[in-house]
Amino acid sequence: MQSALLLAVPHGGRMERGGRRRSEPEEADKGSMKRTIIKDWKTRLSYFLQNSSNSNKRKSKKAGKHRNYFRPSPEEAQLWSEAFDELLANKYGLAAFRAFLKSEFCEENIEFWLACEDFKKTKSPQKLTLKAKKIYNDFIEKEAPKEINIDFQTKNMIAQNIQEATHTCFSVAQKRVYSLMENNSYPRFLESEFYQELCKKTPISRAAQDT
């Protein structure tokens with residue numbers, strides 16, 4: 001009986017819960033999947049950084065300024081875990097968070113929040129009205145292309161507010177979306193493979209610190 005049990009257990013691999021042994025090919029597949037996920041993250045992040053850089057180039061052309069965004073040090077990336085605002089205030093961190101939300105199919109939340117931030121900085125009354133209608137059409141109205149998840153009463157209130165647009169038209173909705181990201185998406189981002197990779201110190205950086 002004992003010898004039969006021994007024969008039933010395959011050689012090599014790792015034992016999982018329930019007595020099942022994970023084979024070496026499965027281990028290799030898991031490692032390959034992890035590398036694919038991180039590669040996909042880097043591609044998405046590169047896309048968001050490129051768009052951000054192009055946008056800033058256009059905005060800073062008149063001022064004659066040019067800004068580049070470099071990969072943060074592990075210490076800088078670790079600061080993002082101290083507060084959600086720390087993450088949003090960092091250009092690279094914001095791009096990384098947007099890429100993460102895109103991978104979770106809820107990027108409309110950060111896009112709405114950013115649209116509201118831009119809206120609040122608008123000075124021209126005419127532009128304020130146009131932007132208010134665009135935000136409503138993009139994020140608020142029923143079956144909008146990037147519809148955010150807010151209650152019916154808030155949607156109705158916004159629909160009334162944009163008739164005479166002010167800087168506070170979307171304040172309630174923006175706070176709710178911010179809270180949703182802070183309490184749900186942000187903790188998952190901090191646990192993601194990509195963020196953990198950013199926080200890892202390379203052998204070179206460790207050696208530099210030791211000298």
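Throughout this description, residue numbers start from 1 for each chain and increase along the sequence as written. Predicted model: local features are reported for residues with pLDDT of at least 70 only, side-chain atom pairs are reported and counted for 80 or more only, and whole-chain, interface and lining totals are derived from all residues. Where side-chain values are given, they derive from all heavy atoms of the structure, hydrogens and water being excluded.

## Considerations on the overall build of the chain
Along the backbone of the chain there are 11 helices and 2 strands. The order of helices and strands in the chain, counted from the N terminus, is α-β-β-α-α-α-α-α-α-α-α-α-α. Per-residue burial for the chain yields a buried fraction of 33% across its 211 residues. We call two residues in contact when some of their heavy atoms are within 4.5 Å. Expressed as a percentage of contacts within the chain between residues at least 6 apart in sequence, the contacts between residues at least 24 apart total 55%. Approximately 14,300 Å² of the chain is accessible, and the part contributed by carbon and sulfur atoms is 52%. Strands are runs of DSSP state E lasting at least two residues, helices are runs of H or I lasting at least four, and both sets are numbered from the N terminus onward. Throughout, exposure labels follow a simple rule: accessible area from a 1.4 Å probe, protein chains only, divided by the maximum for the residue type, with under 20% read as buried, over 50% as exposed, and the rest as partly exposed. Here, Shrake-Rupley sampling with a 1.4 Å probe gives the accessible areas, and only protein chains in the shown set may cover a residue.

## Concerning helix α9 (residues 171-191)
Residue pairs spaced three or four apart in an α-helix point in one direction, given the helix's 3.6 residues per turn. One fewer than the residue count of a helix, multiplied by 1.5 Å, yields its expected span. With 21 residues, α9 should cover 30 Å at 1.5 Å per step; its first-to-last C-alpha distance of 29 Å lies within 8% of that length. At any given residue, the bend is defined as the angle formed between two axes, one fitted to the seven residues that end at that position and one fitted to the seven that begin there. If you look at α9, its biggest bend is around 40°, right at Ser 185, and the proline Pro 187 turns up within four residues after that. Among the residues of α9, those classed as buried are Ala 173, Gln 174, Val 177, Tyr 178, Met 181, Ser 185, Tyr 186, Phe 189 and Leu 190.

## So, unusual backbone geometry
Residues other than glycine seldom take positive phi values, yet Phe 105 does so here, at roughly 60°. Position of Phe 105 among the secondary structure elements: in the loop between α5 (91-103) and α6 (108-120). Despite not being glycine, Glu 143 shows a phi value in the positive range, around 60°.

## Some details on helix α8 (residues 152-161)
Inspection of α8 places Thr 154, Lys 155 and Ile 158 among the buried residues, and these make up the whole buried set. Down the axis, α8 shows its buried residues gathered within 100° of arc, on one side only. Away from its buried face by more than 90 degrees, α8 exposes Phe 152, Gln 153 and Gln 160. Where α8 is buried, its residues contact α7 (125-140) and α9. For α8, the side-chain oxygen to backbone nitrogen distance between the N-cap and Gln 153 is 3.2 Å, and the N-cap itself is Asp 151. Our arc is simply the arc of the directions from the helix axis toward the C-beta atoms. Residues adjacent in sequence count toward polar contacts only when both atoms are side-chain atoms; beyond that, a polar contact is any pair of N or O atoms within 3.5 Å, and within protein one must be able to donate a hydrogen and the other to accept it.

## Quick notes on the nonpolar core
Side-chain atoms within 4.5 Å are what join buried Ala, Val, Leu, Ile, Met, Phe, Trp, Tyr and Cys residues into a set we call a nonpolar core. By size, the foremost hydrophobic cluster in this structure holds 42 residues, and its most contacted members are Phe 97, Phe 112, Ile 140, Phe 170 and Phe 189. Counting only elements with at least two residues in this core, the list comes to α4 (84-89), α5, α6, α7, α9 and α10 (193-199). Not counting residues up to four positions away in its chain, the partners in contact with Ile 140 are Phe 112, Ile 135, Glu 147, Ile 148, Ile 150, Lys 155, Ile 158 and Phe 170.

## Re the packing of α6 against α7
Every axis corresponds to a line fitted to the C-alpha atoms, with the helix fit spanning only the stretch in contact, and the corresponding angles, defined between N-to-C directions, vary from 0 to 180 degrees. α7 packs onto α6 with a crossing angle of 170° between their chain directions and a minimal axis gap of 11 Å. Between α6 and α7, the interaxial angle falls into the category roughly antiparallel. Mapping the contact onto sequence places Glu 108, Glu 111, Phe 112, Ala 115, Cys 116, Asp 118 and Phe 119 in α6 and Leu 128, Lys 131, Ala 132, Ile 135, Phe 139 and Ile 140 in α7. Charged means Asp, Glu, Lys or Arg here, nonpolar means Ala, Val, Leu, Ile, Met, Phe, Trp, Tyr, Cys or Pro, and polar covers whatever is left, Gly included. Per-class residue counts for the contact of α6 with α7 are 9 nonpolar, no polar and 4 charged. Any angle that is under 35 degrees is reported as roughly parallel, and any over 145 degrees as roughly antiparallel; angles of 65 to 115 degrees are reported as roughly perpendicular and all others as oblique.

## Side note on the packing of α6 against α9
In the contact formed by α6 and α9, the axes pass within 10 Å of each other and the chain directions differ by 140°. Here α6 lies oblique to α9, going by the angle between them. Seen from above, α6 lies across α9 with left-handed handedness. Facing α6, whose interface residues are Asn 109, Ile 110, Phe 112, Trp 113, Cys 116, Glu 117 and Lys 120, α9 presents Ala 173, Gln 174, Val 177, Tyr 178, Leu 180 and Met 181. Should the near helix be turned counterclockwise from the far one by less than a right angle, the crossing is left-handed, whereas a clockwise turn marks it as right-handed.

Geometry only, nothing functional implied.
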